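Descriptive structure summary
So the chains spell out like this:
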Amino acid sequence: MSVSPEFFIGWYVKAKYRYSKGTGKEKVCYSNPDHEIDVSANYCGVCGTKIISRDDITPRTLNIYDIPEQSGDLQDRFYEPEGVAKKGEVILVSNWSAGHYNGEFINSQIMNMDSLTQANQYTEFIKEHDQDISLLKEYVYDNVQLFYGAFVYYS
Ligand SMILES: [Zn+2]
């Protein structure tokens, strides 16, 4: 596992996590749902009460893997840089993005960051990800917005 700093500059997606109630079923002890049980057993190993099946209502955060299959390869088109997002938020960077540079590059090159470059990159980003953004809004995240910015993360 390598832990090297990467420098990103460009357009990225910022969104807030959306919570969903669980949709499946879960098995619990009828007497006390907190008892640790063997899901293949019929009776609770802690207290001996019957194990029942109920709706799983544990809230969880949605993520890009909750987007239906027919949306193509969206999951492969973004990555989540680790340690960048604040609590409750998600940051997504395009895998396609031309604005993904490593630390060595930043030491040896001057990058043009004028407003025309930003505008051109925005146009390219939208051309590439317009449909993806719609799917993110519809299915998994709240407050989906595009920002231009820079950050260091570790990969
Ligand atoms: Zn029990």
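Everything here concerns the structure above.
Residues numbered from 1 in each chain as written. Predicted model: local features only at pLDDT ≥ 70, side-chain atom pairs only at ≥ 80, totals over all residues.

The next point concerns the overall build of the protein chain. Each helix and strand in the protein chain was counted, giving three helices and nine strands. Considering only residue pairs separated by 6 or more positions, the protein chain has 66% of its internal contacts joining residues 24 or more positions apart. (Helix = DSSP H or I, 4+ residues; strand = E, 2+ residues; numbered from the N terminus. Contact = placed C-beta atoms within 7 Å.)

The end-to-end C-alpha separation of helix 3 (residues 115-140) is 31 Å, well short of the 38 Å expected for 26 residues at 1.5 Å each. Along its length, helix 3 reaches its greatest deviation from straightness, about 65°, at H129. Regarding helix 3, the residues found buried are F125, H129, D132, L136 and V140. (Expected span 1.5 Å × (residues − 1). Bend = angle between axes of the 7 residues up to and from the residue. Buried ≥ 20, exposed ≤ 12 C-beta atoms within 10 Å, placed from the backbone.)

Turning our attention to the environment of P59. Relative to the helices and strands, P59 is located in the loop between strand 4 (51-55) and strand 5 (60-61). P59 gets classed as exposed once you count the C-beta atoms within 10 Å, which come to 8. When the C-alpha positions of P59 and S20 are compared, they lie 5.5 Å apart, and in sequence the two are 39 residues distant. When neighbours within four sequence positions are excluded, P59 is seen to be in contact with Y19, S20 and K21.

Another point: the nonpolar core. Residues Y12, V13, I64, F78, V90, I91, L92, V93, L136, V140, Y141 and V144 constitute the largest nonpolar core, which totals 12 residues. Looking at this core, the elements with two or more residues in it are strand 1 (5-17), strand 7 (89-94), helix 3 and strand 9 (141-154). Take this core: its biggest share by element is four residues, from strand 7. (Core = buried A, V, L, I, M, F, W, Y, C linked by C-beta atoms within 7 Å.)

Attention shifts here to the environment of Q75. Among the secondary structure elements, Q75 is positioned in helix 1 (residues 74-77). Along the sequence, Q75 and D132 sit 57 residues apart, while their C-alpha atoms lie 9.5 Å from each other. For Q75, the contacting residues outside a window of four places in its chain are I64 and Y65.

Counting buried residues in strand 7 gives five out of six residues, a clear majority hidden from the surface. Here strand 1 runs beside strand 7; their pairing, made up of four bridges, is antiparallel. Bridge assignment links K16 to a residue of strand 7, and that residue is E89. Inspection of the sheet shows strand 6 (residues 78-79) paired to strand 7 by two bridges, in the antiparallel sense. (Pairing = 2+ DSSP bridges.)

Our next topic: the environment of F147. Secondary-structure assignment places F147 in strand 9. On the basis of neighbour counts, which here come to 10 C-beta atoms within 10 Å, the residue F147 falls in the exposed class. In sequence terms F147 and V13 are 134 residues apart; their C-alpha atoms lie 6.4 Å from each other. Not counting residues up to four positions away in its chain, the partners in contact with F147 are Y12 and K14.

The backbone phi angle of N143 is positive, close to 55°, even though this residue is not glycine. Among the secondary structure elements, N143 is positioned in strand 9. Taking the C-beta count within 10 Å as the criterion, N143 has 11 such neighbours and is therefore assigned exposed.

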